[in-house]
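Each chain, written out:
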Amino acid sequence: MPGITNVEAGEYVEWCGFVGTLPVFAQADGTVICPDGTETRTRLHDGLTTAAIARDRSFLATGGEDGKICKFWPDGNTEELSGQNSKWVDELACGPSGTVAAAVSKDVTVYGKDGVMRKFSCERTVEAMAFAPKGMRLAMARYDGVELIWISTEQGSQFLEWNGAHIGVIFSPDGRYVVSSMQENAMHGWRLSDDRHMRMSGYPSKVKSMSFTKNGKWLASSGATAAIVWPFAGKDGPMGKAPVELGSMDPVKVSVVACHPKEDVVAIGYENGMVGAVRIADGKLAVLRGEAESPITSLGWADNGLLVAFGTEAGEAGIIDITA
Amino acid sequence: MTNSETNALGDSKIPVTVLTGYLGSGKTTLLNRILSGDHGRRYAVIVNEFGEIGIDNDLIVESDEEIYEMNNGCVCCTVRGDLIRVVQNLMKRRGRFDAVIVETTGLADPAPVAQTFFMDEDVREKAELDAVVALADAKHLPQRLKDSPEAEDQIAFADVVVLNKTDLVTTEEMKSVEVLIRSINPAAVVHRAERADISLDAVVGKGAFDLKRILENDPDFLATEEEAHEHDHECGPDCDHDHHHHHHNAGGLDANTHDTTIMSVSLSGGELNPDRFFQWIQKITEIDGPDILRLKGILAFPDDPDRFVVQGIHMILEGDHQRPWRDDEQRRSRLVFIGRNLDREKLERTFAACAA
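Here the residue index of a chain counts from 1 through its sequence in written order. Working convention: letters from A go to chains and numbers from 1 go to ligands, in the order in which they are written. At least 70 in pLDDT is required for a residue's local features to be given in this predicted model, at least 80 for side-chain atom pairs to be given and counted, and no such filter applies to totals for whole chains, interfaces and linings, which use all residues. To obtain the side-chain values, all non-hydrogen atoms of the structure were used and water was disregarded.

Colleague: How should I be thinking about the overall build of chain B in this particular structure?
Modeller: A helix here means a DSSP run of H or I that spans at least four residues, while a strand means a run of E at least two residues long, and both kinds are numbered starting from the N terminus. Of regular secondary structure, chain B possesses 10 helices and 14 strands. In chain B, the proportion of contacts linking residues at least 24 apart, taken out of those at least 6 apart, comes to 74%. Residue contacts are defined here by distance: any two heavy atoms, one from each residue, within 4.5 Å place the two residues in contact.

Put into structure tokens, the structure is as follows:
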């Protein structure tokens, strides 16, 4: 078993990973913990609802029950993009050059270098957001489909329609596909060039975590008793192909997936607190953390691909050194 | 607190009270009474709109009503997406509160709210519906029922109806409005109140949605007039016992005595053949689910020492053993359907065919 440095988080870990090279654990109570060297704890929000890492990992964007939206920098500095509001911040997504999109109910605001650069109101509540790889387009998952807007212009909005409630969304690294996860235990994909649909169903529960490998050849997903990994390599993506099931721990369900920053390897968090890493080529699973009490809520790789941060519902957390 | 169920992790589920009621029925007043009550319980309150009266509570979440139809071809399979999100987020810090109250807008459909607690696996894992409480204005309810299907739905859907502002009506008017409520929903517990002043035990921590628990407190539930050995006194706001005013039904009053569209069909019989019954109830809810707002029942099966209870919302059906039949109890099966366009004759006939 690899070496684990435990972190006494104590509360539900909403997000964990590396900001720059600094390990960071953002808790649902609004505290951001940096356990490196002398541990620091910063109370950013009265209740943290969502967090997203910058494209270049230079900061962590956080949103709270207090309605505030903050940027947290690894040197400990914080910047407030938006002050208090009576409504919770529901979702955040980070684009290039420090762009942050924030969703409060149906309303999306995109913050750029010089403040607010775009506002958009969806017809329905925004359940999830993702920037396109080039960062000029923003996808918003909502009831009955995914809205696509350009962040620099009001023109050219597009609606990818599919009946049902879409609760998650991700772009493929080459920008050719948009994939959503749905309330009814399925994923749905669109090829943007010709609007072709892909249905990825058969999950026993909701897909709450999706992650593409660095090269975009595979899309890993949670929601089953194994990581369900769809092939996106060919020109038709996963159409007509079956996924591979990796790291099966039946009957324990996978709660989080996070692809390695370089290799075709998926880190898998399970509902029993286990963490594993599986190589897609041969399906070989390495257990990184044994069974514990509480479900894994977040996993984050360091850029070097040697460290994985993990956090749980009960506030157990730590950093795994996979070389140790 | 009540003995709520526990989930797989052994944590007890958070009880959720849903407050419905038309604008001006006194919902916010009741909510503030609950919140300021001397009970030591801490509440998280979910509201869909901030009304004119302030809500006095530390933890208030404002959410936009978001109805999601499930993509399974069934029009009545609806959940509230906003509640799924808020409840999940609240549960990340569950040490902050002991119970949740959802205050719906006056026009809200209670079905998606209630169904969220059964249909969404994440919510179901962590929270359970305690009761759907409908506030009704004694003076204006009859008119509301005529001009608003939402008001009717709220009464039809309730486990507990608080008939408020009773000081503004005559005894005659009050009796007739109670008959009206009873004709829409014979299964609800009705309480009278002035200025929403009611014993909190009557509305929170009831487990009223959980038939097993309501039956422990009220053995005459769903009983007909002849079966119920109920006292026949006038119940005022001081009365903290659950009562169903079965005597109001005695005069043969039923669904057709009011000009609303919701009706109820009460069925009663002896022991049932379990195979035939389950096939029947599944078929009925599958076909007529969209028209069935609620169903509740207590059933007797041959060679089964336990009472079996069922309840449903539209197509969702739940059933479980409750407790052994007592020696002094008649092993009778009783079932009530509340809904629209119910075919009384068909229900009676097909139910009768389930007899053991």
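Colleague: Would you explain the side chain of A:Thr213 in this entry?
Modeller: Tracing the chain through its elements places A:Thr213 in the loop between strand S20 (210–212) and strand S21 (218–221). Apart from the residues within four sequence positions on either side, A:Thr213 is in contact with A:Pro173, A:Trp218, A:Cys259, A:Asp264 and A:Ile280.

Colleague: Help me out: how do you make sense of unusual backbone geometry in this one?
Modeller: As a rule of thumb, non-glycine residues mostly have phi less than zero, and peptide bonds are mostly trans rather than cis. Residues and elements named next belong to chain A. Pro251 follows Asp250 through a cis peptide bond whose omega is 10°. Here Pro251 shows up in the loop between strand S23 (244–246) and strand S24 (254–259). The phi dihedral of Ser105 falls on the positive side, at around 55°, and the residue is not glycine. Among the secondary structure elements, Ser105 is positioned in the loop between strand S11 (100–104) and strand S12 (107–112).

Colleague: Can you help me understand the sheet that holds S24(A) in this one?
Modeller: The strands that make up a sheet are held in pairs by hydrogen bonds between backbone atoms, and each pair lies either parallel or antiparallel. Residues and elements named next belong to chain A. Following DSSP output, two strands are said to pair if at least two bridges run between them. Sheet architecture is open: 4 strands sit in the order S24-S25-S26-S27, paired in antiparallel fashion. Each edge of the open sheet is held by one strand with a lone partner, namely S24 and strand S27 (285–289). Averaged over all pairs of adjacent strands, the angle between their axes in this sheet comes to 25°, without regard to strand direction. Note that strand S26 (residues 275–279) and S27 share 4 bridges and pair antiparallel. The residue bridging Val278 from the neighbouring strand is Leu285, located in S27. Axis lines are fitted through C-alpha atoms, for helices just across the contact stretch, and the angle between N-to-C directions can take any value from 0 to 180 degrees.

Colleague: Which parts of the structure should I look at to understand helix H3 (residues 110–119) of chain B?
Modeller: Because an α-helix completes one turn every 3.6 residues, residues spaced three or four positions apart along the sequence face the same direction. All names here are of chain B. Exposure classes here rest on a 1.4 Å probe applied to the protein chains alone. A residue is buried below 20% of its type maximum, exposed above 50%, and partly exposed in between. Across the 10 residues that make up H3, a large majority, 9, are buried. Within H3, the full set of buried residues consists of Pro110, Ala111, Pro112, Val113, Ala114, Gln115, Thr116, Phe117 and Phe118. Between the side-chain oxygen of the N-cap and the backbone nitrogen of Ala111 there are 3.0 Å, and the N-cap of H3 in question is Asp109. What qualifies as a polar contact is a pair of N or O atoms within 3.5 Å, subject to a donor-acceptor requirement within protein and to the restriction that residues adjacent in sequence count only when both atoms come from side chains.

Colleague: Sorry if this is basic, but what is going on with the interface of chain B and chain A here?
Modeller: Contact with chain B, which involves 26 residues of that partner, is made by 36 residues of chain A. Buried area, as used here, totals the accessible surface that two parts lose on assembly, with accessibility defined by a 1.4 Å probe and the loss added over both. Of the roughly 2500 Å² buried between chain B and chain A, counting both surfaces, carbon and sulfur atoms make up 40%. A pair is scored as a salt bridge if a Lys or Arg side-chain nitrogen falls within 4 Å of a carboxyl oxygen belonging to Asp or Glu. Counting the contacts that link chain B with chain A gives 12 salt bridges. Close ionic contact of B:Arg93 with A:Glu65 constitutes a salt bridge, the shortest N to O distance being 3.7 Å. Linking chain B with chain A are 19 residue pairs in polar contact (both at pLDDT 80 or more), by the criterion used here. For the side of chain B that touches chain A, the elements supplying multiple residues, two or more each, are strand S3 (59–62), strand S4 (67–69), helix H2 (81–91) and helix H4 (121–126) of chain B.

Colleague: Can you walk me through the nonpolar core in this structure?
Modeller: A general tendency of soluble globular proteins is for nonpolar side chains to be buried together. Definition used in this section: a nonpolar core is a set of buried Ala, Val, Leu, Ile, Met, Phe, Trp, Tyr and Cys residues joined via side-chain atoms within 4.5 Å. Among the nonpolar cores identified, the biggest contains 62 residues, and B:Leu90 and B:Phe117 are the most heavily contacted of them. Annotation comment: domain bounds sourced from an automatic or database domain assignment. Each of domain 1 (14–249) and domain 2 (262–352) of chain B gives at least three residues to this core. In contact with B:Leu90, other than residues within four places in its own chain, are A:Trp88, B:Ala44, B:Ile46, B:Leu59, B:Val61, B:Arg96 and B:Phe97. Core analysis: the second largest hydrophobic core is formed by 23 residues, B:Ile55, B:Ala99, B:Leu135 and B:Val204 among them.

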